[in-house]
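The primary structure of each chain is shown beneath.
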Amino acid sequence: MRTGPQDGKSGLARHAKSRALRAEAMWPILALPLFAALLVPTEAIAQGVASANAQPVRAREPSGLPWRAQFTDVATEAGLDLEFTYGGAETKRYIVESNGSGVAFLDYDGDANLDAFLVNGSRLEGFGEGKAPTNRLYRNIGDGRFEDVTDQTGLDRSGWGSAVCAGDFDNSGTLDLFVAYWGPDALYRNNGDGTFEEIAGRAGVSGEDLQWSAGCTFVDIDRDGLLDLLVTQYQQFDLETAPPPGKTSNCEWKGMPVYCGPRGLPFGNVTLYRNLGDGQFQDVSESSGVRDVREYYAFTAVAADFDGNGWQDIYIACDSTPSILFLNNGDGTFTDFATETGVAFNEHGFEQGGMGVGVGDFDGDGWLDIVKTNFADDYPNLYRSNDGLFFEDICVRAGLASNPQYVGWGVDLVDLDNDGWQDIFQANGHVYPELDSQDQVQETYRQSNLVYRNLGGEHFEDVTALSGDGLGQARSSRGAAFGDYDDDGDVDVLVMNMGAPVTLLRNSLDGGGSWIRLTLRGTESNRSAIGALVSIEASSLKQTRAVLSQSSYVSHNDLRVHFGLGESDGVDRIVVRWPGGVEETFPGVAGGQDWLVVEGSGEAAALP
Amino acid sequence: MTLTPMARVGAVLAVCLGLAAMGLRAEPGSAEELADRGLALAQSGDERGAADLWQQALAVAPDYFPALFNLGYMHFSAGRFKDAEPYLKRASKADPRDFNGHYLLGVAAQRQGKGDEALRAWRQALDLQPDQYQLMQIMAVEYGKGRYHREAAELATRALRLRPDLEDLYYLAIHACREAGNLPEGLRIAEEAVRRFPSSARANFELAWHLQKEGRFGGSLPLLEKAIALDPTYEEPHFFYGDWLVKQAKYDESLGPLGKAIAIRPDYMPARIAIARALMGLKRWSEALDALQEAVSVEPRHPQPHLMLSQVYFRLGDRERARREKETSLRLRRENPSFLEAVQSRPFRD
C-alpha cells in the first residue's frame, strides 16, 4: 500500500492487511532522500592530517650501521635492591597512585663516584608500624656496586614522593636535594659529612598539605649566584573529594572504568621560591608572574637558557594541558611564551599528555632542542630550536612516530654510543594496571623502554632491539636518570619501575668513540653551575649541553657533562655560558678523561 | 521528502477504493473504519480532518498501528519530527515487526539530534531486514558521529560485503575503519577499491593516504600523482602531496600543490595551515602572516591560524600582538573544540 513519489502514491498506512506491502515498498522512497541528507556530512569531511588515534608511522629501512651500546640490568648485582612501592599493584583507585616518581644520579659525598637516590611512594591502605617504605640513597662504593646508606643520611622519609632535583643551594660545595611530595615537600641540606638535614619548613618551601608537587628545579632566576627553586604542582588532590573509578566520563579508558583524572580534578599551579642566601626562601610566585598561568597539570620542570639571552628560562611538561615555557624577562619576572615559540602543543596545535622532558642539541646547531614524552596514542615531541624563539615539532620527520602505543615518561637526549650525536632513551609504562588483566584493549601496563640512535642530526632510528637484554624487560617505568656510574666512559641509565625493582642499565659500549666529561664549578655563578650551557667543538662537530637540576621525568641526571667525541681524540675548545650570564672559552683538552672547568679559571684541569 | 502526504493521495485513494470494492470495508465506528476514513480525508487534502479521525481511531483502539503510524508519518512528512516521534514510538511498539515504524522513528530521533535513540530504533529495523545495506550506511554514519567507531566500521564493512559493486561503500568503510583506528583494514579496503576502480581518483587517493599513515610515503606519491592526473579538481591529493613535502622540510616545493588545493577549495583549512607552516619554515614571515590572516578570514572560529599568528608576531618582535593572538587561539579552542579533535593523548574530556 505504501509506495512512493515515483508513482504518486502516498506513504500513509492503511490497515493491517496491507502492512506487508508497506514494509517492502516504502523503503526506497523514504530511504533515498534521507540517505542523501544523512550522508552529506560524511562526504564533506576532508581527511585531515590527524586521526582520532595517532597511528605508528612506519620506520625507515634500517640503516645497517652497527650499534654498539649494549645495556644490561645489573641493579641486583650492583646492590640496588629497592622494589618501588606505588599504589595498588593490580588496580589503582586514584590518580595519585599512578604517576610514580623520579630517580637521581648524584655525587652526594664528593668522592667522584656517582650515587643513586630513589624516590619511593606509598599505598592508600597504609602500612604497619615501621613498615612504610622510604626513599633510598645508595652510595657508590667504587667498584660498580652500591651500599644502602639511607638510614645514616637522614633521607629515610616515607610518603607519596614524586620528584627530585639537586643543586648546591647554599654554595657549600655539596649537593642538596629537594624532594617533591603529595603533601609537604622536603628540602635536604647536605651537611657535608654524609648526612642531610630536612629544612623545608624552616626555609619556607614545604608547600601545603593537599598540594601534589610533581616537579622541581633549582634555577638561578636573577643571576645573583644563588639557586632559587621552582616547584610544579600537578594538582590539588584530596582523597575526601576525589571521585571513585568509573564515576564520570573522565574515569574511563577505552570503555574500561579506571581512576579519574587528571581532567575534572582541580588544577595545580607553579610556585617559585627566591633564595635569600640565609637559608630562607621567599615565595615570589605572584610577583614573578609564574602564577599568571592557570589551569595546568604540570609535571617535569627543566631550567636552561633556551633563548640564548643569558637568563635562565623554564620549560614545564604539562599533562592534558598546553606545556609552559617561562622566558626570563631579566627583571625577576617570567612570561609564558610556549605557544608563541611553538612548544605548547604538537605540530597540529593539539594539547598533549606531557610527562618527561629531555633537553639537548640533537642537530649540533648550538641551540637547545627539547624532546617531550606524552601519553599513549600520541607521539612524543621533538621540538627543534631554530633560534631559541621558534621551535618546530619534527617528531614524525625525525622518525620518532613509530611507537605511539607507549606512555612515555623519562627521556633524555644523550649520546649513548659516543659518536658525537645525542641519542634518545625513553622510559615507558602505562598508568592502568588493569590493562594487564583484560584483552579488550590491545595495550599493556608493562611496556618496554626505547632507544633511538641519532643518525647525523637529521633522523632517529629505533635501535631498541639491538641494545641488549636490558631493554627487553617489560615494566611500567617512570623516572630515569642518566650518568656514568661505573666510570667507564659511557652513559648508564637508572630507571624507576612501578611496583617493581629498580633497573640499573649498565652500558657496556663496545668500540664506541672517545669521550670527555666536564665537571663545572661556578664561582660568581652558583657553585654547582646549574644552568650553564656548555659547547664543545671537536673536528667539525659542535655539541651543546646544559647543566640541569631536573629533566627526564621528575629526575636528576649526573651533573657532569658527558660528550661523545666519535673519531676525535679530544676537543678543540670548550665554551661555557655560565648561569651568571658570562661566556667563557677554554682551550681544547684531550678525550678519554674527566676535566674540571672552573668559572674564571681560563683553563680546564684534568681530574684523576 | 519532497512531497507532502496530501500531494500523494490520489493514487492511494484509487487503491483504497479498489480495496473497498474487494469487500474490505470495516465495521462503522471501528478503529479500522475510522482510520480508513482518515486516510481518505488525508488524500483529499484535509490533514486536520484526517488527524481527528485517526485520533478517534486511537480512542477506540489505542494500539491501532495504521492510525499511529499515519499520524506519525503525517508529522514526519511535514518536518515536525518532535510531534512525529511519540506516534512512531507507539507504532513501533504496536507492531514491532514493521520495518518502517522503526526506521522512521530512528530518522525522527536523528533529526532531533538524538543519535543514540535513532540507533536503537534502527537496530530494531535492521534486525527485521538484516541485509538492508542502505540502513547500514546511515547507521554507520550515525555511529561515527557518536564516536562508536568500532560499530560504525563493522556496519560499513558489512554493507560493503553485501554490495562490493558500489564505490561509495568503500569510502564509507574506509572512513569508518580509520576512525576506529583500524588502519590495516582501511588499507585493505583501499587496495580493493583501487583494484575495482583503477580510474577513480578517490580510490587512488585513499590508498595513498593509508600508505602515508603507515609511513610508506614513497609508495604513496605515485598514487597521489595518479589521483591528481585523474581528477585535477580533487583537492585532497594536492594537499597531501604538499603536506608530505612540508613534513620533509621541502617547504619551497610544497607551496605549489598546497596553493592548488586552496584554489580548488578555498575553505580547506588544513591546506591553509600547511602553507603557512611552509612559509614559516622558509622564514618568509610576512607572507606567512598574509596566509594566516587569510585563513582567519575564511574560518574565524579555527584556533590554529591564531596560534600560528602568535608565533609569527612573536618572531617578528611584536609580543603584544603575539599575546593577543594566543589568547584568541586559546579562547577559540575552548569555544570550538571540534576544530581540534584528535590525537588526544588522554581520554579525559570534560
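Numbering of residues starts from 1 in every chain and runs along the sequence as written. For naming, the first written chain is A and the first written ligand is 1, with later ones following in the order written. Thresholds applied to this predicted model are a pLDDT of at least 70 for local features of residues and 80 or more for the giving and counting of side-chain atom pairs; totals over whole chains, interfaces and linings are not thresholded and use all residues. The basis for the side-chain values is all heavy atoms of the structure; hydrogens and waters are excluded.

Here we look at the state of the cysteines
All names here are of chain A. Whenever a pair of cysteine sulfur atoms sits within 2.5 Å, that pair is classed as a disulfide. Counting across every chain of the model gives one disulfide over all chains. Each disulfide pairs two cysteine sulfurs, and for Cys251 the partner residue is Cys260, the sulfurs being separated by 2.1 Å. Residues Cys251 and Cys260 share a disulfide whose torsion about the S-S bond is about 105 degrees; that sign makes it right-handed.

With respect to the sheet that holds strand S35 (residues 541–546) of chain A
Strand pairing within a sheet occurs via backbone hydrogen bonds; the two strands may be parallel or antiparallel. Residues and elements named next belong to chain A. Here, strands pair whenever DSSP counts at least two bridges between them. Strands here are runs of E lasting at least two residues and helices are runs of H or I lasting at least four, both read from the DSSP assignment and numbered beginning at the N terminus. Taken in spatial order, the four strands line up as S35-S34-S37-S38 in an open sheet, and their pairing is antiparallel. Looking along the sheet, the strands with just one partner apiece sit at the ends: S35 and strand S38 (583–590). Adjacent strand axes in the sheet meet at a mean angle of 20 degrees when their direction is disregarded. Axis lines are fitted to C-alpha atoms, over the contacting stretch for helices. Their N-to-C directions set the angle, which ranges from 0 to 180 degrees.

Examining unusual backbone geometry
Leave glycine aside and you will find that most residues have negative phi; peptide bonds, for their part, are mostly trans. Note that the residue after A:Gly261, namely A:Pro262, is joined by a cis bond; omega there is 5 degrees. Tracing the sequence through the fold places A:Pro262 in the loop between strand S13 (256–257) and strand S14 (270–275). Phi at A:Ala529 is positive, roughly 60 degrees, even though this residue is not glycine. Despite not being glycine, B:Arg147 shows a phi value in the positive range, around 65 degrees. Mapped onto the elements of the fold, B:Arg147 is located in the loop between helix H8 (133–145) and helix H9 (149–162).

Some remarks on the side chain of A:Asn275
All names here are of chain A. Mapped onto the elements, Asn275 comes out in strand S14. Two N or O atoms form a polar contact when they lie within 3.5 Å of each other; inside protein one atom must be a possible hydrogen donor and the other a possible acceptor, and for residues adjacent in sequence the pair counts only when both atoms belong to side chains. A polar side-chain atom of Asn275 sits 2.9 Å from the main-chain carbonyl oxygen of Phe169. When neighbours within four sequence positions are excluded, Asn275 is seen to be in contact with Phe169, Asp224, Leu226, Leu227, Asp228, Gln280 and Phe281. Residue contacts are counted whenever heavy atoms from the two residues lie within 4.5 Å of one another.

So, the pattern of salt bridges
Residue and element names in this part refer to chain A. The rule for a salt bridge is simple: a side-chain nitrogen of Lys or Arg has to be within 4 Å of a carboxyl oxygen of Asp or Glu. All chains considered together, the criterion is met by 56 salt bridges over all chains. The salt bridge partner of Arg573 is Glu537, with a shortest N-O separation of 3.2 Å. Note that Arg573 is positioned in strand S37 (residues 570–577) and Glu537 in strand S34 (residues 533–538), a separation of 36 residues in sequence. Under the scheme applied here, a residue whose accessible area is under 20% of the maximum for its type counts as buried, over 50% as exposed, and between as partly exposed, the area being computed with a 1.4 Å probe on protein chains only. Overall, Arg573 belongs to the partly exposed group, its relative accessible area being 37%. The partner of Asp558 in a salt bridge is Arg560, with the nearest N and O atoms 3.0 Å apart. Since its relative accessible area comes to 12%, Asp558 is described here as buried. By relative accessible area, Arg560 is classed as buried at 15%. In this structure, a network of salt bridges that share partners links the residues Asp484, Asp487, Arg517, Asp558, Arg560 and Asp594.

Any functional reading would require information that these geometric values do not contain.
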